[in-house]
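Geometric and topological summary
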Amino acid sequence: QVRLVESGGGLVQPGGSLRLSCVFSGSTFSAYTMSWYRQAPGAPGTQRELVATATSGGTTNYSDSVKGRFTIYRDNANNAVYLQMNSLKPEDTAVYYCKARRYISTWGQGTQVTVSS
């Protein structure tokens, strides 16, 4: 059974940087598409926004809101995926979730990122 454990969230000032980590276990990491999503504080039922994806073949994609500021990269040797976040803005404040997908999707527990002065 796939398990994901995220870490690296916290409080950072606008313009700062954070690196989120997601450690994968329970299956063959290299076969999975890995993604980062986020869910901003708001009304109940606020949908999770896709932030970045790294496929098993190494292709990466980003939402327009983070393109040029965030970088997703995977370390297949250590079964981990990372999200390097630079030039953070208050609107990046959210709970960030890691997702692994092959035939089904598995989610991590989330890590809080707060961008505030």
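See the structure shown above.
What this report covers is the structure whose coordinates are included nearby.

The rules behind each value
- Residues numbered from 1 in each chain as written.
- Predicted model: local features only at pLDDT ≥ 70, side-chain atom pairs only at ≥ 80, totals over all residues.
- Heavy atoms only, no water.
- Disulfide = S-S within 2.5 Å.
- Helix = DSSP H or I, 4+ residues; strand = E, 2+ residues; numbered from the N terminus.
- Buried < 20%, exposed > 50% of the residue type's maximum accessible area, 1.4 Å probe, protein only.
- Pairing = 2+ DSSP bridges.
- Axes fitted to C-alpha atoms, helices over the stretch in contact; angles between N-to-C directions.
- Core = buried A, V, L, I, M, F, W, Y, C linked by side-chain atoms within 4.5 Å.
- Contact = heavy atoms within 4.5 Å.
- Salt bridge = Lys/Arg side-chain N within 4 Å of Asp/Glu carboxyl O.
- Phe/Tyr/Trp six-rings, centres within 6.5 Å; stacked < 30°, edge-to-face > 60°.
- Lys NZ or Arg CZ within 6 Å of the ring centre and 35° of its normal.

Once that is clear, we can look at the state of the cysteines. All told, the structure shown has one disulfide when counted by the stated rule. One disulfide bridge connects Cys22 with Cys98, the sulfur atoms lying 2.1 Å from each other. Across the S-S bond linking Cys22 and Cys98, the dihedral sits near -80 degrees, which makes this disulfide left-handed. Separated by 76 residues along the polypeptide, Cys22 in strand E3 (residues 18–25) and Cys98 in strand E9 (residues 94–101) bring together distant segments of the chain. Taking the relative accessible area as the measure of exposure, Cys22 reaches 0% and is therefore buried. A relative accessible area of 0% places Cys98 in the buried class.

The antiparallel open sheet is built from four strands, whose spatial order is E1-E3-E8-E7. Pairing within the sheet leaves two strands with one partner each, and these edge strands are strand E1 (3–7) and strand E7 (70–75). Ignoring strand direction, the axes of neighbouring strands in this sheet form an average angle of 15 degrees. Pairing analysis gives six bridges linking E3 to strand E8 (residues 80–85), with the strands arranged antiparallel. Opposite Leu20, over in E8, you have Leu83 as the bridge partner.

Moving on to the nonpolar core. Ranked by internal contacts, the top residues of the largest apolar core, which has 27 residues, are Met34, Trp36, Leu83, Met85 and Tyr96. Where this core is concerned, the elements lending two or more residues are E3, strand E4 (33–39), strand E5 (49–54), E7, E8, E9 and strand E11 (111–115). Setting aside residues no more than four positions away along its own chain, Met85 makes contact with Gly16, Ser17, Leu18, Leu20, Arg69, Phe70, Tyr96 and Val113.

Before going further, it helps to spend a moment on the pattern of salt bridges. Per the counting criterion, the structure on display carries four salt bridges. One salt bridge connects Asp64 with Lys67, and the closest N-O pair in it is separated by 3.3 Å.

Applying the stated criterion across every chain yields a total of five aromatic pairs. An aromatic cluster of three or more residues is present, and its members are Phe24, Phe29 and Tyr32. Geometry around Tyr97 places Arg48 over its ring, the cationic atom sitting 3.6 Å from the centre. Above the plane of the ring of Trp107 lies Arg48, whose end atom (NZ or CZ) is 4.6 Å from the centre.

The next point concerns the pairing of E11. Side chains Thr111, Val113 and Val115 of E11 all project onto a buried face; the interleaved residues Gln112 and Thr114 project onto a face where none is buried. Pairing of strand E2 (residues 10–12) with E11, which is carried by three bridges, proceeds in the parallel orientation. Across the sheet, residue Gly10 finds its bridge partner in E11, namely Val113. When E9 meets E11, the two strands line up antiparallel, connected through three bridges. Counterpart to Tyr96 in the pairing with E11 is Thr111.

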